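Chain by chain, the residues run as shown.
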Protein chains: 2
Amino acid sequence: MSGMWTVKVVGLGVVALSLSVELLGWLLHRLRPKRARTEVLFFPSEMACLEHIFAPSLPQSCCCSLPHGVETSFTRLLRCILSASSSLDVCVFAFSNMDLCKAVLKLQCRGVPIRVLCDKDYAAIHGSQIGVLRRAGICARCDLGSVYMHHKFAVVDNRLLITGSLNWTMTAVQSNKENVIVTEDPDLVGPFLKEFQRLWLHSDPAQYFHLSDPKPADKPTIPSTDKP
Amino acid sequence: MSGMWTVKVVGLGVVALSLSVELLGWLLHRLRPKRARTEVLFFPSEMACLEHIFAPSLPQSCCCSLPHGVETSFTRLLRCILSASSSLDVCVFAFSNMDLCKAVLKLQCRGVPIRVLCDKDYAAIHGSQIGVLRRAGICARCDLGSVYMHHKFAVVDNRLLITGSLNWTMTAVQSNKENVIVTEDPDLVGPFLKEFQRLWLHSDPAQYFHLSDPKPADKPTIPSTDKP
């Protein structure tokens, strides 16, 4: 009787131990927070043909002299922007890069809701793509403040933040020494989303005459910049 | 006999269960990765007296008209910089903010090794603090490339990254709409540290005549900018 009990107790102990180890492993796997996707891109980017980014499903037919099918900092940046499926919010000081504009227009064709906010002084300079975006029906607003709206960030699908020193210009991408952080870390994405919403509402031309900022009153043409 | 065994088995089971729960809690606490410190600061910063930042141990005696003892985005930024104990690497396009310069000089007085890298075109403009830093014995180099060194980041003690759209100027801090990310995430800090090291070595005047960049050859005065 005593021997049988000992066998039973040891057997039960082994089973309990095995189950505990299994449970522990499962719990650790479930409870360990997943590392947020994070990437740092440095510029200037190598020059490369962008055909495989803009038309990945088509047979590659480009005959330009640039390297083809190459991944660079710029192609990584474009891929992040083109990954948008539900929204794209852009908040940049200067937007004159035609490839970045092409990426935004491609999203517009797919029906992705897009909002673009930029500095008023740089919206109208030669080469600015703000007019192109508006003609395509994209809502692009200009910051109404009397100082620079110097941000350089975008948020994709309310979950992927793209931010850094890089203005959306050709010089920044191809020549300057710049950085861009791409991250899904909610501790970073959240504050930028909130700031975008604040600036977007503050730049609403419908609110224009209620603003206390004295500067726009001197420039009555600014409200018209919100026309798509 | 059988009753005694049952009591023993149940007792052992209870003890084993309690120990397992304790062990599980301890393991989860130990194995769960700590979230990296992350903070986002937005500018313009409220204006506030900085006496409590620069002389926290002294009795507050400032009589200026600004609010005293207030925490703002700028005081947070200064605190991050002043937390340096083993190193400070600064890589900024423009450095003309006197309070940020004062913070760097304070670290220099404490014996913290400091390296400052900035854009060559902006190193010599009116109000630039690069000369002040050099006169204090801080090693400040200028990027030798023919394009903008447009970064705006610093790394404290090789572990805390400060980066964003904010140049180290008075306008950026007090007027513009800007952002600064402060993070200890090694996935972000690592690439910026590596980039700083690469740019620092590339801007070494001792390497000057070995560089393939044709631009510096036209400007033989540039090597002298590394003199502290």
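Numbering of residues begins from 1 in every chain and follows the order in which that chain's sequence is written. For this description, chains carry letters from A and ligands carry numbers from 1, given in the order in which they are written. In keeping with the model being predicted, local features are shown solely for residues with a pLDDT of at least 70 and side-chain atom pairs are shown and tallied solely at 80 or more, while totals for entire chains, interfaces and linings include all residues. Water and hydrogen atoms play no part in the side-chain values, which are based on all heavy atoms of the structure.

**A closer look at the sheet that holds strand E1 (residues 38–43) of chain B**
Within a sheet, adjacent strands bond to each other through the backbone by hydrogen bonds, running parallel or antiparallel. Ordered by their spatial adjacency, seven strands build an open sheet running E1-E7-E6-E5-E2-E3-E4 (chain B), and the pairing between neighbours is mixed. Both outer strands of the open sheet, E1 and strand E4 (139–143) of chain B, are each paired with one neighbouring strand and no more. Between one strand axis and the next, the sheet turns through 10 degrees on average, direction left out of account. Strands pair, by our definition, only if DSSP identifies at least two bridges between them. Each helix is a run of H or I in the DSSP string that is no shorter than four residues. Each strand is a run of E no shorter than two, and both are numbered from the N terminus. Note: strand E3 (residues 114–119) of chain B against E4 of chain B, five bridges, orientation parallel. Looking at the pairing, Leu117 of chain B lines up with Arg141 of chain B of E4 of chain B. We call two residues in contact when some of their heavy atoms are within 4.5 Å. Axis definition: a line fitted to C-alpha atoms, limited for helices to the stretch in contact. Angles are taken between N-to-C directions and run from 0 to 180 degrees. In the packing of helix H8 (residues 186–202) of chain A onto the sheet, contacts are made with E1 and strand E7 (178–183) of chain B, and the angle to E1 of chain B comes to roughly 20 degrees. Lying on the sheet, helix H8 (residues 186–202) of chain B is in contact with strand E2 (88–92), E3, E4, strand E5 (152–156), strand E6 (160–164) and E7 of chain B; it crosses E3 of chain B at an angle near 75 degrees.

**Some points on the interface of chain B and chain A**
On the side of chain A, 42 residues touch chain B, which itself brings 42 residues to the contact. Summed over both partners, the interface of chain B with chain A buries about 3,900 Å², with 67% contributed by carbon and sulfur atoms. In the sections that follow, a salt bridge refers to a side-chain nitrogen of Lys or Arg positioned within 4 Å of a carboxyl oxygen of Asp or Glu. Applying the counting criterion to the chain B and chain A interface returns two salt bridges. One salt bridge connects Asp143 of chain B with Lys177 of chain A, and the closest N-O pair in it is separated by 2.8 Å. Side-chain atoms alone can form a polar contact between residues adjacent in sequence; in general such a contact is a pair of N or O atoms within 3.5 Å, and within protein one must be able to donate a hydrogen while the other accepts it. Taken together, the links from chain B to chain A amount to 16 residue pairs in polar contact (both at pLDDT 80 or more). Considering each element in turn, the side of chain B that touches chain A owes the most residues, eight residues, to helix H1 (residues 2–31) of chain B. Accessible area that two parts lose when put together, evaluated with a 1.4 Å probe and summed over both, is termed the buried area.

**Thoughts on the relation of the copies chain B and chain A**
The superposition of copies rests on a least-squares fit of C-alpha positions from residues with pLDDT of 70 or more in both. Mapping chain B onto chain A calls for a rotation angle of 180 degrees and an axial translation of 0.1 Å; the resulting RMSD is 0.4 Å. Taken together, the rotation and translation relating the two chain copies correspond to the operation of a two-fold axis. Of all interface residues in chain B, 100% are interface residues in chain A too; the two copies therefore contact each other through one and the same surface.

**A short note on the UniProt feature "transmembrane region" (unreviewed entry) in chain A**
UniProt positions are given in the numbering used here, feature names are shortened, and annotations may be inferred rather than shown by experiment. Mapped onto this numbering, the UniProt entry gives "transmembrane region" (unreviewed entry) at residues 6–28 of chain A. When the span residues 6–28 of chain A is considered, its composition is 100% helix and 0% strand, and the gap between its end C-alpha atoms is 33 Å.

**Here we look at the environment of His68 of chain A**
All names here are of chain A. Looking at the secondary structure, you find His68 in the loop between helix H2 (51–54) and helix H3 (73–82). Think of it in three bands: with a 1.4 Å probe and only protein chains considered, a residue is buried below 20% of the maximum accessible area for its type, exposed above 50%, and partly exposed in between. Take His68: its relative accessible area is 37%, and that puts it in the partly exposed class. For the pair His68 and Ala36, spaced 32 residues apart in sequence, the C-alpha separation works out to 31 Å. Excluding anything up to four places from it in sequence, His68 contacts Cys49, Cys62 and Cys63. Within polar-contact distance, the side chain of His68 engages the backbone oxygen of Cys62 at 3.3 Å. In this structure the side chain of His68 is engaged in a polar contact, spanning 2.8 Å, whose partner is the backbone oxygen of Leu66.

**Quick look at the pattern of salt bridges**
Residue and element names in this part refer to chain A. Applying the stated rule across the entire model yields 18 salt bridges over all chains. The partner of Arg79 in a salt bridge is Glu71, with the nearest N and O atoms 2.7 Å apart. According to the relative accessible area criterion, Arg79 is partly exposed, its value standing at 33%. Owing to a relative accessible area of 38%, Glu71 belongs among the partly exposed residues under this scheme.

**Structural notes on the packing of helix H3 (residues 73–82) of chain B against helix H4 (residues 98–109) of chain B**
Each pair of packed helices can be summarised by the angle the axes make with each other and by the distance between the axes. Residues and elements named next belong to chain B. With their axes 9 Å apart at the nearest point, H3 and H4 run at an angle of 20 degrees to one another. Relative to H4, the element H3 is oriented roughly parallel. As for how H3 packs across H4, the hand of that crossing is right-handed. Residues Phe74, Leu77, Leu78, Ile81 and Leu82 of H3 lie in contact with H4, whose contacting residues are Asp99, Leu100, Ala103, Lys106 and Leu107. An angle below 35 degrees is treated as roughly parallel, one above 145 as roughly antiparallel, one from 65 to 115 as roughly perpendicular, and anything else as oblique. Helix crossings fall into two classes, left-handed where the near helix is turned counterclockwise from the far one by less than a right angle and right-handed where it is turned clockwise.

**Some words on the pairing of E6 of chain B**
All names here are of chain B. Of all the five residues making up E6, five are buried; the element is thus mostly covered by neighbouring parts of the structure. Of the two faces of E6, the one holding Leu160, Ile162 and Gly164 and the one holding Leu161 and Thr163 are both buried throughout. Relative to E6, E5 runs antiparallel, the two sharing four bridges. Paired with Val156 across the bridge in E6 is Leu160. Both E6 and E7 contribute to a ladder of four bridges, which runs antiparallel.

**Here we look at the side chain of Lys152 of chain B**
Within the element layout of this structure, Lys152 of chain B appears in strand E5. Under the counting rule used here, the positive set is Lys and Arg, the negative set is Asp and Glu, and His together with the chain ends is not counted. Although Lys152 of chain B is buried, it forms no salt bridge, and the closest oppositely charged side chain is Glu178 of chain A at an N-O distance of 6.1 Å. Polar contacts involving the side chain of Lys152 of chain B include one to the main-chain carbonyl oxygen of His150 of chain B, which spans 3.1 Å. Polar contacts involving the side chain of Lys152 of chain B include one to the side chain of Asn167 of chain B, which spans 3.0 Å.

**Some points on H3 of chain B**
All names here are of chain B. Across the 10 residues that make up H3, a large majority, eight, are buried. Inspection of H3 places Ser73, Phe74, Thr75, Leu77, Leu78, Cys80, Ile81 and Leu82 among the buried residues, and these make up the whole buried set. Two or three places before Phe74, at the start of H3, stands the capping residue Thr72, its side-chain oxygen 3.2 Å from that residue's backbone nitrogen.

**Examining unusual backbone geometry**
Residue and element names in this part refer to chain A. In this structure, the amide linkage connecting Phe43 to the following residue, Pro44, adopts the cis form with an omega of 10 degrees. Looking at where Pro44 falls in the secondary structure, it is placed in the loop between strand E1 (38–43) and H2. Phi angles above zero are rare outside glycine, and Asn158 is one such case at about 60 degrees. Mapped onto the fold, Asn158 is located in the loop between strand E5 (152–156) and strand E6 (160–164). Relative accessible area serves as the criterion here: at 46%, Asn158 is assigned to the partly exposed category.

**Quick notes on the packing of aromatic side chains**
A pair of Phe, Tyr and Trp rings is counted when the ring centres sit within 6.5 Å of each other, with Trp represented by its six-membered ring. The angle between the planes then sorts it: under 30 degrees is stacked, over 60 is edge-to-face, the rest tilted. In this structure the tally under the stated criterion is 15 aromatic pairs over all chains. Here the aromatic rings of Phe93 of chain A and Tyr122 of chain A are separated by 4.4 Å at their centres, their planes lie at 40 degrees, and the arrangement is tilted. Taken together, the positions of Phe93 of chain A in the loop between strand E2 (88–92) and helix H4 (98–109) and Tyr122 of chain A in helix H5 (residues 120–123) put the pair 29 residues apart, joining distant regions of the chain. A residue is classified by how much of its surface remains accessible, and Tyr122 of chain A, at 29% relative accessible area, is partly exposed. Linked through ring pairs, Phe42 of chain A together with Phe153 and Phe192 of chain B together constitute an aromatic cluster.

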